[in-house]
Amino acid sequence: MSAIEIHGLEKSYRVYQKKEGLRASLTGLFQRDYHDVHAVRGIDLDVEQGEFVAFLGPNGAGKTTTLKLLSGVISPSGGEAHVLGHVPWKRENEYRRRFALVMGQKNQLWWDLPAQESFQLHQKIYRIDPDDFRRTRDELVDLLEVRHLLGQPVRELSLGERMKMELTAALLHSPDVLFLDEPTIGLDVVAQHNVQKFLKHYQTERKITILLTSHYMKDVAALCRRVVIIAHGEIMYDGSLAGIIDSFSGHKILSLQFADGRMPSDLARYGDVLEIVEPKARLRVDRGSIADVLSSVLASYTIEDISVEDPPLEEVIAEMFARSAEKKQVEPVGAGVTSLESDDPARS
């Protein structure tokens, strides 16, 4: 059964094109030029109950805009979506109690108050039974190891500690769907690992549906079996992590260790030379040529060690984004439009 159903979802904005100079600014008081920004372009997506899905894309791809649409923060320009059977932008109270949104670059906790005070406020807002609230709060703060920080003002916490408190606040009402927008951004390696460990445990235990955006591939590799990649508001890929490399990488990484110091001077004829530290070398070789290259090298030289690996996931995805940017066509800039939508363009 699908927890999230999206069909033809679109979000566009009209953005004022402000020109430089005093004269242009004065002219803008009477006649303004706008252009359309298509943040989301008719995407289709189904997420099953209990899935942990990564939602990846470059800055400006439409990731955060999509999460805001699904959480009802903004309304779409077209298409439809249902989350747990609800239309998000109707903002029904019943729906609000069934999802949570955590944005790594925005706080939901009161900055100058201890986190426990914000938790009490959440208990009132969501009308959580006092016994259920205490039980859930205690479970979360113990899992995240932040009980000793409950009485400390949020502004005095480290970034990692604040994110743990943000997660606790988001989960106090036991949501069925959790939207995570870059929850580990800016965190050090230890804090990232702790957040990953908690999310993996919590999702496994509770079977909640999670849609995660992140620029850290370690988050994705540690948590998600399914990956959806979006660029320029359109879905480019929907499948497994391994499938990304199979579908979009045209090369492999060949590592060679030559015996007796006999290293060829013309390694470039086998592929792109990435590194040479005699007697070792690393090459980037076309996927279709790897068998011929191995045969040629082994026939001509004595090799002590050899390995063939897929390129790093980050590299493959970066190549995908670069190709997508090259194919993107420049949209015409609209002129003479006199109305502006009230929603500001969302960060993506």
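In this report, we go over the structure that sits alongside the text. Not measured: the values here are computed from a predicted model.

Overview of the sheet that holds strand 3 (residues 52–56)
Part 1: Taking strand neighbours across the sheet as the criterion, the six strands line up as 5-6-7-3-8-9 in an open arrangement whose pairing is mixed. Edge positions in the open sheet fall to strand 5 (99–103) and strand 9 (234–240), since each of these has one partner strand only. Taken over all neighbouring pairs, the strand axes of this sheet differ in orientation by 15° on average, direction set aside.
Part 2: Along the sheet, helix 2 (residues 63–70) contacts strand 3, strand 5, strand 6 (177–181), strand 7 (209–213) and strand 8 (226–231); its crossing angle with strand 6, the most-contacted strand, is approximately 150°.

Notes on the packing of aromatic side chains
Part 1: Taken as a whole, this structure holds five aromatic pairs when the rule is applied.
Part 2: Look at Tyr237 and Phe248: their rings are 5.7 Å apart centre to centre, the planes differ by 75°, and that puts the pair in the edge-to-face class. A residue pair is termed long-range when its members are at least 10 positions apart, and Tyr237 in strand 9 and Phe248 in helix 9 (residues 241–248) qualify at eleven residues.
Part 3: Its relative accessible area of 10% is what places Tyr237 among the buried residues.

Considerations on a negative patch on the surface
Part 1: Side chains of Glu5, Asp44, Asp46, Glu48 and Glu80 sit close together on the surface and give a patch of like negative charge.
Part 2: No other element matches strand 2 (residues 34–48), which puts three residues into the negative patch.
Part 3: Looking at the element boundaries, Asp44 is found in strand 2.

A closer look at the nonpolar core
Part 1: Counting residues in hydrophobic clusters, the biggest one holds 51 residues, and the most contacted among them are Phe119, Met165, Leu167, Ile229 and Ile244.
Part 2: Top contributing element to this core by residue count: helix 6 (residues 159–171), with six residues.
Part 3: Among residues more than four places away in sequence, those in contact with Ile244 are Val227, Ile229, Tyr237, Ser249, Leu313, Val316, Ile317 and Met320.
Part 4: If you look at the next biggest cluster of nonpolar residues, it comprises 29 residues, including Ile4, Ala39, Leu45 and Ala81.

Some points on the packing of helix 4 (residues 115–125) against helix 6
Part 1: Close contact between helix 4 and helix 6 brings their axes to 10 Å; oriented N to C, the two are set at 15°. Considering the angle they form, helix 4 stands roughly parallel to helix 6. Viewed along their axes, helix 4 and helix 6 form a crossing whose handedness is right-handed. Contacts between helix 4 and helix 6 involve Ala115, Phe119 and His122 from the former and Met165, Thr168 and Ala169 from the latter.
Part 2: Considering only residue class, the contact of helix 4 with helix 6 consists of four nonpolar, two polar and no charged.

Focus: the sheet that holds strand 13 (residues 303–309)
Part 1: With antiparallel pairing, the four strands of this open sheet are ordered in space as 11-12-10-13. Two strands close off the open sheet at either side, each with one partner strand: strand 11 (272–277) and strand 13. Recorded for the sheet is a direction-independent mean angle of 15° between the axes of neighbouring strands.
Part 2: Here five bridges tie strand 11 to strand 12 (residues 280–286), and the two strands are oriented antiparallel to one another. Along strand 12, the bridge assignment pairs Val277 with Lys280.

Some remarks on unusual backbone geometry
Part 1: Going from Glu278 to Pro279, the amide bond is cis rather than trans, its omega being 5°.
Part 2: Even without being glycine, Arg127 reaches a positive phi, approximately 55°.
Part 3: If you trace the backbone, Arg127 turns up in the loop between helix 4 and helix 5 (130–143).
Part 4: For Lys207, which is not a glycine, the phi torsion comes out positive at approximately 60°.
Part 5: Topologically, Lys207 is positioned in the loop between helix 7 (189–206) and strand 7.
Part 6: Taking relative accessible area as the criterion, Lys207 reaches 58% and is therefore assigned exposed.

Some remarks on the pattern of salt bridges
Part 1: Evaluation of the coordinates by the stated rule reveals 17 salt bridges.
Part 2: A salt bridge links Arg155 to Glu156, with the shortest nitrogen-to-oxygen separation between them at 3.6 Å.
Part 3: Since its relative accessible area comes to 41%, Arg155 is described here as partly exposed.
Part 4: The exposure class assigned to Glu156 is partly exposed, which follows from its relative accessible area of 44%.
Part 5: Here Asp272 ties to Arg284 by a salt bridge, and the two come within 3.9 Å at their closest N and O atoms. Pair noted here: Asp272 is in strand 11 and Arg284 is in strand 12, with a separation of twelve residues, a long-range link.
Part 6: The class of Arg284 is partly exposed, set by a relative accessible area of 24%.

What counts, and where the lines are drawn
- Residues numbered from 1 in each chain as written.
- Predicted model: local features only at pLDDT ≥ 70, side-chain atom pairs only at ≥ 80, totals over all residues.
- Heavy atoms only, no water.
- Pairing = 2+ DSSP bridges.
- Helix = DSSP H or I, 4+ residues; strand = E, 2+ residues; numbered from the N terminus.
- Axes fitted to C-alpha atoms, helices over the stretch in contact; angles between N-to-C directions.
- Contact = heavy atoms within 4.5 Å.
- Phe/Tyr/Trp six-rings, centres within 6.5 Å; stacked < 30°, edge-to-face > 60°.
- Buried < 20%, exposed > 50% of the residue type's maximum accessible area, 1.4 Å probe, protein only.
- Patch = residues over 30% accessible without salt bridge, like charges linked within 9 Å, V, L, I, M, F, W, Y side chains within 5 Å.
- Areas by Shrake-Rupley, 256 points an atom, 1.4 Å probe, with all protein chains shown as cover.
- Salt bridge = Lys/Arg side-chain N within 4 Å of Asp/Glu carboxyl O.
- Lys, Arg positive; Asp, Glu negative; His and termini not counted.
- Charge placed at Lys NZ, Arg CZ, Asp CG, Glu CD.
- Core = buried A, V, L, I, M, F, W, Y, C linked by side-chain atoms within 4.5 Å.
- Parallel < 35°, antiparallel > 145°, perpendicular 65-115°, else oblique.
- Left-handed = near helix turned anticlockwise from the far one by under 90°.
- Nonpolar A, V, L, I, M, F, W, Y, C, P; charged D, E, K, R; others polar.

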